[in-house]
Amino acid sequence: MRHDEHRRHPRAQLTAVAALQTLGRLNANDQGIATVRDVSRSGIGLRTGQPPLQGQAVILRLGIGDEILELTTLATRVRRCGDSHFYDVGLDWSNCSAEQLAFLDRFVELAEVQPQD
């Protein structure tokens with residue numbers, strides 16, 4: 001972790017794909033795809049060409065093995081990657097249920113044991 005970052009929880013690198021569905025009248029999208037960049041017990045970092053708006057509710061679909069869980073998240077950070085058509089997106093777990101958070105604990109544990117590049 002960089003010294004200038006003030007994260008609540010350390011981020012673990014993870015290589016995975018996620019499906020995004022943005023909710024609401026503005027910027028609604030039911031077919032977004034993203035790559036997972038990192039994950040922690042408070043949120044997830046993604047890269048996508050189909051970003052949500054900051055503050056927008058997002059249904060995120062993640063899988064571990066044969067399990068897929070829909071998670072209700074909130075877009076807390078949306079930043080364009082240079083001049084590209086891709087965006088770094090941060091989603092927060094604060095709207096997740098206790099069952100979803102238990103699943104996320106397993107997802108984070110898996111990420112923490114993956115070898116770093």
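Conventions we followed
- Residues numbered from 1 in each chain as written.
- Predicted model: local features only at pLDDT ≥ 70, side-chain atom pairs only at ≥ 80, totals over all residues.
- Heavy atoms only, no water.
- Helix = DSSP H or I, 4+ residues; strand = E, 2+ residues; numbered from the N terminus.
- Buried < 20%, exposed > 50% of the residue type's maximum accessible area, 1.4 Å probe, protein only.
- Contact = heavy atoms within 4.5 Å.
- Salt bridge = Lys/Arg side-chain N within 4 Å of Asp/Glu carboxyl O.
- pLDDT = per-residue confidence, 0-100.

(A) The overall build of the protein chain, seen in detail. Regarding its fold elements, the protein chain presents 1 helix and 6 strands. In sequence order, the protein chain lays out its α and β elements as β-β-β-β-β-β-α. Looking at the 117 residues of the protein chain, the share that counts as buried comes to 37%. Sequence separation of 24 or more characterises 55% of the internal contacts of the protein chain that already satisfy a separation of 6 or more.

(B) Spotlight on the pattern of salt bridges. Under the definition given, this model contains 3 salt bridges. The shortest N-O distance in the salt bridge between Arg-37 and Asp-88 comes to 4.0 Å. Of the two residues, Arg-37 sits in strand 2 (residues 29-39) while Asp-88 sits in strand 6 (residues 87-92), which places them 51 residues apart along the sequence. The salt bridge partner of Glu-70 is Arg-61, with a shortest N-O separation of 2.9 Å. Its relative accessible area of 42% is what places Glu-70 among the partly exposed residues. Take Arg-61: its relative accessible area is 26%, and that puts it in the partly exposed class. One connected set of salt bridges, linked through shared partners, spans Arg-37, Arg-47 and Asp-88.

(C) Main features of the confidence of the model for the protein chain. When the pLDDT values of the protein chain are averaged, the result is 81; 79% of them are 70 or greater. For the protein chain, helix 1 (residues 98-113) is the element with the lowest average pLDDT, namely 76, and strand 6 is the one with the highest, namely 96.

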